[in-house]
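# Coordinate analysis (summary)
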Amino acid sequence: MTPRFRTEYDMLGAVDVPADAYHGAHTARAVANFPLTGETLADRPHLVRALAVVKSAAARANAEVGALDPALADAITDVCAELQQGALHEQFVVDLIQGGAGTSTNMNANEVIANRALERLGHPRAAYDVLHPLDHVNLGQSTNDVYPTAVKLALDAHIGELLAALAELGEAFAAKAAEFSDVLKMGRTQLQDAVPMTLGQEFGAFAATLAEDRDRLAEARVLLHELNLGGTAIGTGLNARPGYRERAIEHLRRLTGIPTLVSAPDLVEATQDVGVFVQLSGVLKRIAVKLSKICNDLRLLSSGPQAGFGEIALPARQAGSSIMPGKVNPVIPEAVNQIAFEVIGYDVTVTLAAEGGQLQLNAFEPVIHRALSAGLDHLTAGVGVLTEHCVRGITADRDRLAATVAASTGLVTALSPALGHETACALALEAHHTGRPALDLIRERALLTEAELTALTSPAALTGLPAL
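Residues numbered from 1 in each chain as written. Predicted model: local features only at pLDDT ≥ 70, side-chain atom pairs only at ≥ 80, totals over all residues. Heavy atoms only, no water.

### Quick notes on the pattern of salt bridges
For the structure on display, the rule yields 30 salt bridges. Note that Arg221 and Asp156 form a salt bridge whose closest N and O atoms lie 2.9 Å from each other. Highlighted residues: Arg221 in helix 7 (residues 199-223) and Asp156 in helix 6 (residues 143-179), separated in sequence by 65 residues. Given the relative accessible area of 24%, Arg221 is considered partly exposed. Several salt bridges share partner residues, and in doing so they unite Asp78, Glu82, Arg116, Glu119, Arg120 and Arg125 into one network. (Salt bridge = Lys/Arg side-chain N within 4 Å of Asp/Glu carboxyl O. Helix = DSSP H or I, 4+ residues; strand = E, 2+ residues; numbered from the N terminus. Buried < 20%, exposed > 50% of the residue type's maximum accessible area, 1.4 Å probe, protein only.)

Written as structure tokens, this is what we have:
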């Protein structure tokens, strides 16, 4: 019978490892130690690919400085290429939250790469006298420079996806702004009638605020490109050959296609500092807050359809009730609201984890990574759903909007320069109490000529937009 396990050894003694596993003893212990979230490294393919890129760059750099046999370096880089293409991700079995500042993640990567490389070289798994997870795959490295470097590269990829999703949502709002550019409505402050605007202006503001968020996210992305690879344990570069750090960063630039990757000017500071993650988390919270506000607006504007604002209609996606026939709910904005609440909570997690660092290392980078990667994943998905299943299908009730403008006392604000504030205020109060349109009262009392009323209440005069 084929044995179910093989025996490997670490500093604590013998460990049973599944015979068909590419991971080894260190990973097996971590799996036993951290049955916490049910989410493993395999659930974060961006991180697995980033780990492969870092290990490949390290192997190439070590070969170039004479620290690693070129044949072993080639075997390692070949496996890393496989990982980058999605192979063996199921072998990354360690829980995302773990003690040890990411050591178990680094060990998992080292062991999978070593055992697959041994297989490619014609040796059995665990033949570590030929190619060792630590002596060769982890040569010149420490978890403390590998893990944060991989996390930054993984987050960079996540950010690229979110930026693309936000751009699509912004374009969808801009298209609606153009479609509704001639639709007059009442703007509101504190949920009370304010002054007229167009529905196009309202949707254009949504597009503009998303453009601002894309700019802030792009700025935070660049800050991730300063790396501490080559600093090893605490930033002093212990056990790394001269020239290794520079070559490793150079290979990372080539492998990732990110020309702005640089080595941190102070590796000791960079190894202990997680400020860039706090910065990124704050930007994600900003995006979440603003997205949630937009979704609140969409829910308000579509409320009703008879007893609410009823100014716009969202696409009907599903039945809204198990008891109320015909009810349809704004389920897409509601889902994005909930993602926003989650991301705001993640920001608290990142803040506390960053504050909890001590001396030369922050031990809590695994939970920082989990919070940021989950937030980026969920925001990207939520933005995509909001674009496709909601915004692109929004319609406007033009008749209702026009009637609201005509009946609103807020229209009097546009006439107050011509009428005077006291007269305008008295007209507004009378219109409110009697339910009669303020324009009818003005006409009855001949306070303004019809020509004056037409000019003062034209769309251009009311909204600040150029006359058509």
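From this point, things continue past the structure.
### Some details on a nonpolar patch on the surface
Among the surface-exposed residues, Val289, Phe341 and Ile344 lie close enough to one another that they form a single nonpolar patch of about 260 Å² accessible area. Position of Val289 among the secondary structure elements: in helix 10 (residues 275-301). (Patch = residues over 30% accessible without salt bridge, like charges linked within 9 Å, V, L, I, M, F, W, Y side chains within 5 Å. Areas by Shrake-Rupley, 256 points an atom, 1.4 Å probe, with all protein chains shown as cover.)

### Digging into the packing of helix 6 against helix 10
As a packed pair, helix 6 and helix 10 sit with axes 13 Å apart at the nearest point and diverge in direction by 25°. Classified by the interaxial angle, the pair formed by helix 6 and helix 10 is roughly parallel. Relative to helix 10, the crossing made by helix 6 is left-handed. Between helix 6 and helix 10, the residues in contact are Val151, Lys152, Leu155, Ile159, Leu162, Leu166, Leu169 and Phe173 and Val276, Phe277, Leu280, Leu284, Ile287, Leu291, Ile294 and Leu298, respectively. Of the residues in the contact of helix 6 with helix 10, the class split is 15 nonpolar, no polar and one charged. (Axes fitted to C-alpha atoms, helices over the stretch in contact; angles between N-to-C directions. Parallel < 35°, antiparallel > 145°, perpendicular 65-115°, else oblique. Left-handed = near helix turned anticlockwise from the far one by under 90°. Contact = heavy atoms within 4.5 Å. Nonpolar A, V, L, I, M, F, W, Y, C, P; charged D, E, K, R; others polar.)

### Considerations on the UniProt feature "domain: Fumarase C C-terminal" (unreviewed entry) in the protein
Here, UniProt's "domain: Fumarase C C-terminal" (unreviewed entry) annotation points to residues 411-464. With 76% helix and 0% strand, residues 411-464 has end C-alpha atoms that lie 14 Å from one another. (UniProt positions renumbered as here; feature names shortened; annotations may be inferred.)

### Let's talk about the nonpolar core
Phe173, Phe203, Leu217, Leu252, Leu298 and Leu386 are the most contacted members of the largest nonpolar core, which has 107 residues in total. For this core, the element with the most residues is helix 6, which contributes 16 residues. Residue contacts for Leu252: discarding those within four places in its chain leaves Val53, Val54, Ala57, Thr149, Leu153, Leu227, Leu229, Gly257 and Leu261. Counting 18 residues, the second-largest nonpolar core is a separate cluster that includes Leu419, Ala428, Ala431 and Leu448. (Core = buried A, V, L, I, M, F, W, Y, C linked by side-chain atoms within 4.5 Å.)

### Thoughts on the pairing of strand 2 (residues 13-18)
Where strand 1 (residues 5-10) meets strand 2, six bridges bridge the pair, whose relative direction is antiparallel. Bridge pairing in strand 2 places Asp10 opposite Gly13. Hairpin connection of strand 1 to strand 2: two residues between the antiparallel strands. (Pairing = 2+ DSSP bridges.)

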